[in-house]
Amino acid sequence: MERTFIAIKPDGVQRALVGQIISRFETKGFTLVGLKLIKVSRELAEQHYDVHRERPFFAGLVDFITSGPVAAMVWEGDGVVASARKLIGATNPLTAEPGTIRGDFGVNIGRNLIHGSDAIETAQREIALWFTNEELISWEPRIKPWLHE
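Rules and cut-offs
Residues numbered from 1 in each chain as written. Predicted model: local features only at pLDDT ≥ 70, side-chain atom pairs only at ≥ 80, totals over all residues. Heavy atoms only, no water. Salt bridge = Lys/Arg side-chain N within 4 Å of Asp/Glu carboxyl O. Helix = DSSP H or I, 4+ residues; strand = E, 2+ residues; numbered from the N terminus. Buried < 20%, exposed > 50% of the residue type's maximum accessible area, 1.4 Å probe, protein only. Contact = heavy atoms within 4.5 Å. Phe/Tyr/Trp six-rings, centres within 6.5 Å; stacked < 30°, edge-to-face > 60°. Lys NZ or Arg CZ within 6 Å of the ring centre and 35° of its normal. Polar contact = N/O pair within 3.5 Å; in protein donor to acceptor, adjacent residues only side chain to side chain. UniProt positions renumbered as here; feature names shortened; annotations may be inferred.

### As for the pattern of salt bridges
Phase 1: Enumeration according to the criterion identifies 6 salt bridges in this entry.
Phase 2: Put simply, E76 and R3 hold a salt bridge, and the shortest N to O gap is 2.8 Å. Within this pair, whereas E76 is found in strand 3 (residues 69–76), its partner R3 is found in strand 1 (residues 3–8), the two being separated by 73 residues in sequence.
Phase 3: Judged by relative accessible area, which is 13%, E76 ranks as buried.
Phase 4: Residue R3 is classed as partly exposed on the basis of its relative accessible area of 22%.
Phase 5: A salt bridge links E140 to K144; the nearest nitrogen and oxygen atoms lie 4.0 Å apart.

### Regarding the environment of L113
Phase 1: Checked against the element boundaries, L113 lands in the loop between helix 6 (101–105) and strand 4 (114–116).
Phase 2: Measuring from C-alpha to C-alpha, the distance between L113 and G34 comes to 19 Å, with 79 residues separating the pair along the chain.
Phase 3: Non-local contacts of L113, meaning those with residues more than four positions away in its chain, are made with A7, I8, K9, D11, G12, R15, L17, I101, F105 and G106.

### Remarks on the packing of aromatic side chains
Phase 1: One pass over the full model with this rule turns up 2 aromatic pairs.
Phase 2: Ring geometry for F5 and W130: centres 4.9 Å apart, planes at 35°, overall tilted. Here F5, found in strand 1, pairs with W130, found in helix 7 (residues 120–130); they are 125 residues apart in sequence, far enough to count as distant.
Phase 3: F5 gets classed as buried once you look at its relative accessible area, which sits at 0%.
Phase 4: A ring pair is formed by F25 and W75, whose centres lie 5.3 Å apart and whose planes are at 25°; its orientation type is stacked. Of this pair, F25 sits in helix 2 (residues 18–28) while W75 sits in strand 3; the two residues are 50 residues apart in sequence, bridging distant segments of the chain. The same class applies to F25 as to W75, namely buried.
Phase 5: One cation-aromatic arrangement involves K36 over F131; the distance from NZ or CZ to the ring centre is 4.7 Å.

### Overview of the side chain of K36
Phase 1: Locating K36 in the fold gives a position in strand 2 (residues 31–39).
Phase 2: Among the polar contacts made by the side chain of K36, one reaches the side chain of E135 at a distance of 3.1 Å.
Phase 3: If near-sequence neighbours (up to four positions away) are discounted, K36 is found in contact with V70, A71, A72, W130, F131 and E135.

### Regarding the UniProt feature "active site" (unreviewed entry) in the protein chain
Phase 1: When the UniProt feature table is mapped onto this chain numbering, "active site" (unreviewed entry) sits at H115.
Phase 2: Among the secondary structure elements, H115 is positioned in strand 4.

### Focus on the UniProt feature "domain: Nucleoside diphosphate kinase-like" (unreviewed entry) in the protein chain
Phase 1: Feature annotation in UniProt assigns "domain: Nucleoside diphosphate kinase-like" (unreviewed entry) to the following positions: residues 1–138.
Phase 2: This span, residues 1–138, is 41% helix and 19% strand, and a straight line between its end C-alpha atoms measures 10 Å.

Following this line, the structure appears as structure tokens:
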């Protein structure tokens, strides 16, 4: 079963949107297999954003993700990586479609509420970075037969 990494950034936590965001993933039919509220260390932030290390906005990304609590999650389901990206919406909330998380709640590109893995390989790397195997719970929701053939 496919898994993805989702992080509600400090602006989403501070604005008390964690429950509403989790609800969208649950309503879609995905299974939450990992969840923790953490204060992100600089080391973790730099590893997470390593792909942007040479870009001028790298320091700002690290500063922001370490500025407050982050709700880190792992979700499981068929096609969850691509589907989560659609639920999240475009990176810039000003161009994100209504009905997406960023389209409904986002303010600007620097405060876009949420991160989601952009590919299966990225998800695997990010999950391993943010969670230990012991922190992930494999379980089968009773509703699963009503969602999948």
